[in-house]
Structure formats: structure tokens, C-alpha cells
Amino acid sequence: MISRDDRHATMKQSSSIFRENSEKKAERWMMMNIGRLSPFFLSSFCITLFFTGFFVYQNPFKSIADQNVLSLQPQIDPKCDLFKGHWVPDKRGSLYTNSSCSTIPDSKNCIKQGRPDKDFLFWRWKPDGCNLPRFNPKAFLGMVRGKKMSFIGDSVARNHMESLLCLLSMEETPKDIYKDGEDRNRIWYFPKYDFTLSTSWTKFLVAERERRDGNNTGTGLFDLDIGKIDEGWFKGLPNTDIAIVSAAHWFFRPIFIHRGDETLGCIYCNIENMTQISPEEGFKLVYSAVFKQINECEKCKDDLVTVLRTISPAHFENGTWDTGGTCRRTSPFGENQIDLQSNEMKIRKSQIEQLEGITTKRNNKAKKFAVLDVTRVMLMRPDGHPNGYWGNKWMKGYNDCVHWCLPGPIDAWNEFLMAIIRQLR
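Residues numbered from 1 in each chain as written. Predicted model: local features only at pLDDT ≥ 70, side-chain atom pairs only at ≥ 80, totals over all residues. Heavy atoms only, no water.

Q: I'm lost on the overall build of the protein chain in this one. Help?
A: For the protein chain, the count of helices and strands is eleven helices and 13 strands. Residue burial in the protein chain is summarised as follows: out of 425 residues, 49% are buried. (Helix = DSSP H or I, 4+ residues; strand = E, 2+ residues; numbered from the N terminus. Buried < 20%, exposed > 50% of the residue type's maximum accessible area, 1.4 Å probe, protein only.)

Written out as C-alpha cells, the structure reads:
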């Protein structure tokens, strides 16, 4: 099930030289004249220096305030696996509601679209052996002050960003500063924290082309070149501090995979003399190429943080997205109700292995990589999708069991993200 967006192809620092010269001049003047200064003038001089530093340099009170907020957050045992656990009842629910967050798209506003049950809102992820701190928008914004964060991927990546946007808007109302013509790429800005949040839409992360018929109509067959990155998102990477990378749901269709002029094989093709590639092998080829490009990006910031968000499972039952499949469940699955050998778990493994392969070989240790492993967590939430409550006028009769209701279980992803960023500080 692909959203309509996907279906229709979906920045103060002073000069360091000025500071150094100013500091040296001030120091020499004080050493030569301090003995002749009266107490009054000495006091006045010190006060002047203080306020000069206050306005010329970054406001010290801001960083202190951010640190105080962070120090109040519960500590997480670094040995604890945040992604192994279960969902527990939680009366508090999300920080926001479907009516308090004005940026929720109608297609994810399940309550607005008539979903009658509310129980899916009142569950919380509990890791085994430790606690995952609740999301704190003030603390999160304090950690990313002056940073630029980009969600790179398909419409589920957009779904993730929309959840974070709602959570952060409880602390500060962001400014909507950019939207492209197809509403696929968005930029939001939080002035108080000088934080920029954006989405960069891409189907496959690498360069792609859809084959077309004689009438120039898309055929649904794609050619991917893992030797080239999709410049639509990669050109913005040098200006990014934190990149959350994910793409998955466009891979489940006939895809020819190439490396330059060499054809490696095809996913979901039944062509004679053509190497058949499994979806997990396809993910391996693509993600290996993507992480290699990110790691070797010379124009990127040395301390760039790349977070792999693993595949988010769909929950169609009694059919697929285009054959009447639904997701009508109203409560989570238990740990014993999910298939740990599912295709999603195999793809998750392939994604993580490619990230681990890069992190063990790389020479540049400044760039940081991390995994936001949602696959197993979300396999337990068949109740979190819009199903038929997504208000799409163009695809009536089709159910959305891929994306996630807002608010809903996807909000837990940002509790994970906050914990990851904190651990990487």
C-alpha cells in the first residue's frame, strides 16, 4: 500500500580571528594597566568584558539551560537493548492529540477520519531490563540546537518526521518554510532553538528510472543503478547534521538492479537467463552502496550522524493492498505472536549488516552511525495503521496498513531517536 504522495513520484558565529585578536589586546592592556586601575574602574571594566562576551559569543545561559534539562532525564544503561521488549498499557498516551497538532495530514489523522476505537493510543514500549525515557520535546530541542536533521526516504520516513513534528510542537510552534510543488519535500524551522527539520523524498535512495510504454505511461518496472546515488537527497547531505535514512516499500515490485552498465539481476522477475535477486539481497546491494557513499562523502560534515531506521512492517490480512487486504486489529500482539523469521526480519538483518560492514572498515571515525531498529517493535502493532480511516477520495476501497496513525505507536520511534542522539553526544 503506497500513499498518494509516493504513487505520483513523493543555518551565528563570530569570526574566530576577531575573537582571538580582541582577547589578546584586552589581555595585554590589563597586564600593563591593572596596577593603575582604581577599584571602581576595574569593576566597570570587568562588567564591560562580561557583557561583551555575552553578546558576541553564544549566550552561555542557553547551553546551561539545555544541559540542566538533559541532566534531569533518566539515564539509560548503554548495555540495554532498547529494541527488545514488549508493549505495556499506558494511561497517559501521547504528548499530543489528533486535534492539538495542526500539522497531522488527514491521511494519518485516523480519529478525525472516523476510527471508532481509541485503545491503540494507550500503549507504550517497555524494553526488557531497562526503561525507555518518555519523549521530552524541550530536552530533544536542546540536544539539536543549531542543527539540521533530515528524514530521507519514502512516505513512511515522512510519517516518522510528522510524528516528531507534532511532539516538538508541544515546546515550540515551528515555521513552515518550504514545500515543493508535489508536497514531497518539506522544511520546518524552530527559531528558538535554531533547529531545522526536513524531509527528502526518495523511493530507492539510489538512482532510478521507471520504464515507460509507447504512450509514455509508467509500467511499474524500475531500473536501479547502485553505482549512483539519488542526487535528489544526496545533494543536501553536506548541509545535514543528522540524517535518518530509510526506504523500503518501493522495493516490492519488479526491479532491475545495475551497477553502471552491468546488470546484476532482477527482483520479482521471471525472465529467462536473468539472475533472480531476493528482496533481502536487493536491500543488501542498495544499502551497502548508500552507506559507502555517505561514509566517503568528502563534502559532508566530519561529525555527520547517520541513523538507519530499519524496515517498518505492513500488516495486511486477508489480501494485499490491492486485493482487499485489511488491518482491523485493535490491540498489540504479544512477543509470541510475531514471526521472527518473516521477510521483514530478514530485510532488517540485511540492512543492519550493511551498516555494520561500513562501520568496521571505515577510517573516518568522526562520522557516526547508529541503528533505529523498529522492525521487531512494530511487528507487534498491527493495530496502529489507518486501515480504512485515511480519507483518500481517489482510492476508495483500499486500506492503508503500511503507514501509522498520528498519534499512535510510531511516536515511540522518536523516543528511540532521542535516546540514540543522547548516547552519541
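From this point, the narrative continues.
Q: Looking at this structure, I do not really get helix α11 (residues 412-424). What am I missing?
A: In an α-helix, one turn spans 3.6 residues; hence positions three or four apart end up facing the same way. Look at α11: 19 Å from first C-alpha to last across 13 residues, which is about the 18 Å you get at 1.5 Å a residue. Here α11 lies mainly inside the structure; ten of its 13 residues are buried. (Expected span 1.5 Å × (residues − 1).)

Q: Would you mind going over the state of the cysteines with me for this structure?
A: Working definition: the covalent bond between the sulfur atoms of two cysteines is a disulfide. Enumeration over the complete set of coordinates arrives at six disulfides. Each disulfide pairs two cysteine sulfurs, and for C80 the partner residue is C130, the sulfurs being separated by 1.9 Å. Classification of the bridge connecting C80 and C130 rests on its S-S torsion, roughly -65 degrees, and on that basis the disulfide is left-handed. Pair noted here: C80 is in the loop between α4 (60-71) and β1 (85-89) and C130 is in the loop between β2 (123-127) and α5 (137-143), with a separation of 50 residues, a long-range link. With cysteine numbering restricted to those in disulfides and following the sequence, the protein chain has the pairing 1-4, 2-5, 3-12, 6-7, 8-9, 10-11. (Disulfide = S-S within 2.5 Å.)

Q: What should I look at first to understand the sheet that holds strand β8 (residues 218-229) in this one?
A: Strand pairing in a sheet relies on backbone hydrogen bonds. The paired strands run either parallel or antiparallel. If you walk across this open sheet you meet the four strands as β7-β8-β10-β11, and the pairing is mixed. At either end of the open sheet lies a strand with only one pairing partner, and these are β7 (206-212) and β11 (262-267). With direction set aside, neighbouring strand axes in the sheet form an average angle of 25 degrees. Sheet analysis places β8 next to strand β10 (residues 255-259), joined by four bridges and oriented parallel. The residue bridging D223 from the neighbouring strand is F256, located in β10. Where helix α8 (residues 279-295) meets the sheet, its contacts fall on β7, β8, β10 and β11, and the angle it forms with β8 comes to roughly 40 degrees. (Pairing = 2+ DSSP bridges. Axes fitted to C-alpha atoms, helices over the stretch in contact; angles between N-to-C directions. Contact = heavy atoms within 4.5 Å.)

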